Amino acid sequence: MTEIRELSDPVIRKIRFKSAVIPIGSLEQHGPHLPISTDSDIVREVAKGLAKKCKMLLCPTIEYGVSFEHAPFVNFSIKDKTLENYLMDICISLGQNNIGKIVILNGHHGNQNSIRSISKKVTKATKGKTNVFVFSYWRFMDREFDHAGFVETSLMLALTNKTKMKLAKRGLSTSNMTASQKQKISELATKKFIKATKNGIWGDPTTANKKAGQEIFCEIIENLTKTVSKLIH
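This is a predicted model, so every value here is computed, not measured.

I would appreciate a short explanation of the overall build of the protein in the present structure.
A count of helices and strands for the protein gives nine helices and five strands. Starting at the N terminus and ending at the C terminus, the protein contains elements arranged as β-α-β-α-β-α-β-α-α-β-α-α-α-α. Taken over C-alpha atoms, the radius of gyration comes to 18 Å for the protein, in line with the 17 Å a tight globule of 233 residues would show. The dimensions of the protein, computed from C-alpha atoms along their principal axes, are 50 × 35 × 30 Å. Looking at the protein as a whole, 48% of its 233 residues are labelled buried. Taking the intrachain contacts of the protein between residues at least 6 apart in sequence as the baseline, contacts between residues at least 24 apart amount to 77%. Carbon and sulfur atoms form 52% of the exposed surface of the protein, whose accessible area is close to 12,000 Å².

Here it is in structure tokens:
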């Protein structure tokens, strides 16, 4: 794995594998026990692991995301179109510098509308010379995702030293809900998160642990690498 921002011009032009990964996260509330950088922190580490396994260039993480649904909780957000245009410009520029295969790795649910059509738009804008592949990292683990719950908190324990477990509190539990109820509460959360969970937590972080986080992380990297390696080489 090589961070693109640390390389000189001659080195970048001589690199054999012309592919890169762009991690995108958010700056938004994750309860009292996790920092607002949680999505960005996790996706950055996943992107590092992917870049190392697949011999890709690692681009700087985009930390601003689309998180308006978290208001009145803290969120430092940008509009869907702003994120889409920013990523479009970056991908086109990478392509113009002979980096023709790009993975956009998403770490926040609210960003999904912004990245849904980027692959087609970049292909059209570059007349097929630049290929963009879009993935959300949580799609590569065999468990239900949460927000500041067991999964995210365990990942943060494994990947950073920013977690304050003494402040962790249980949030919304969907374990006893039907599939229909889960769908309804999920749709509600995408519009107004506080109406789905009053304390901003989806899940139970109180039993989170570093070992589980390491296992989840390894699972994500293994599954993601299998998919991406087929696309970029």
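Explanation requested: unusual backbone geometry in the structure shown.
Peptide bonds are mostly trans, and most non-glycine residues show a negative phi. Cis rather than trans, the peptide bond between A71 and P72 has omega equal to 10°. By secondary structure assignment, the location of P72 is in the loop between strand 3 (57-58) and helix 3 (80-96). Phi angles above zero are rare outside glycine, and N98 is one such case at about 65°. Here N98 shows up in the loop between helix 3 and strand 4 (101-106). One non-glycine residue, K127, adopts positive backbone phi at about 55°. With respect to the element layout, K127 can be found in the loop between helix 5 (118-125) and strand 5 (131-136).

Where do I start with the pattern of salt bridges in this structure?
Any two side chains of opposite charge can pair, given that their charged atoms come close. For the coordinates displayed, the defined rule picks out eleven salt bridges. A salt bridge links E3 to R5, with the shortest nitrogen-to-oxygen separation between them at 3.4 Å. Accessibility expressed as a relative area gives 61% for R5, which makes it exposed. For K48, the salt bridge goes to E45, with nearest N and O atoms at 3.5 Å. Of this pair, K48 and E45 both sit in helix 2 (residues 38-54), three residues apart, which is roughly one turn of the helix. Overall, K48 belongs to the partly exposed group, its relative accessible area being 25%. Given the relative accessible area of 22%, E45 is considered partly exposed. Counted as one network, the salt bridges with shared partners bring together D41, R44, E63 and K162.

Even after reading the chapter, I still don't get the nonpolar core, so can you show me in this structure?
Inside soluble globular proteins, nonpolar side chains tend to come together where they are buried. V21, V46, M56, L105, Y137 and V228 are the most contacted members of the largest nonpolar core, which has 32 residues in total. Secondary-structure elements contributing two or more residues to this core are helix 2, strand 4, strand 5, helix 6 (150-159) and helix 9 (210-232). Within the second largest apolar cluster, 22 residues are counted, among which are A20, I78, L94 and I99.

Rules of the game
The residue count restarts for each chain, going from 1 along the sequence in the order it is written. Residue-level local features of this predicted model are given only where pLDDT is at least 70; pairs of side-chain atoms are given and counted only at 80 or more, and the full residue set underlies all totals for whole chains, interfaces and linings. To get the side-chain values, all heavy atoms of the structure are used, and hydrogens and water are removed first. Secondary structure counts use DSSP, requiring at least four H or I residues in a row for a helix and at least two E residues in a row for a strand, with both numbered from the N terminus. With C-alpha atoms as the basis for the radius of gyration, the globule rule is written as 2.2 Å multiplied by the number of residues raised to the power 0.38. Each residue is assigned to one of three classes by its accessible area relative to the maximum for its type, calculated with a 1.4 Å probe on protein chains only: buried under 20%, partly exposed between the two thresholds, exposed over 50%. Contacts: residue pairs with any heavy atoms within 4.5 Å of one another. Where accessible areas are quoted, they stem from the Shrake-Rupley method and a 1.4 Å probe; at the residue level, only the protein chains shown are allowed to cover. What counts as a salt bridge is simple: a side-chain nitrogen of Lys or Arg found within 4 Å of a carboxyl oxygen of Asp or Glu. Think of a nonpolar core as a cluster: buried Ala, Val, Leu, Ile, Met, Phe, Trp, Tyr and Cys residues, connected wherever their side-chain atoms sit within 4.5 Å.

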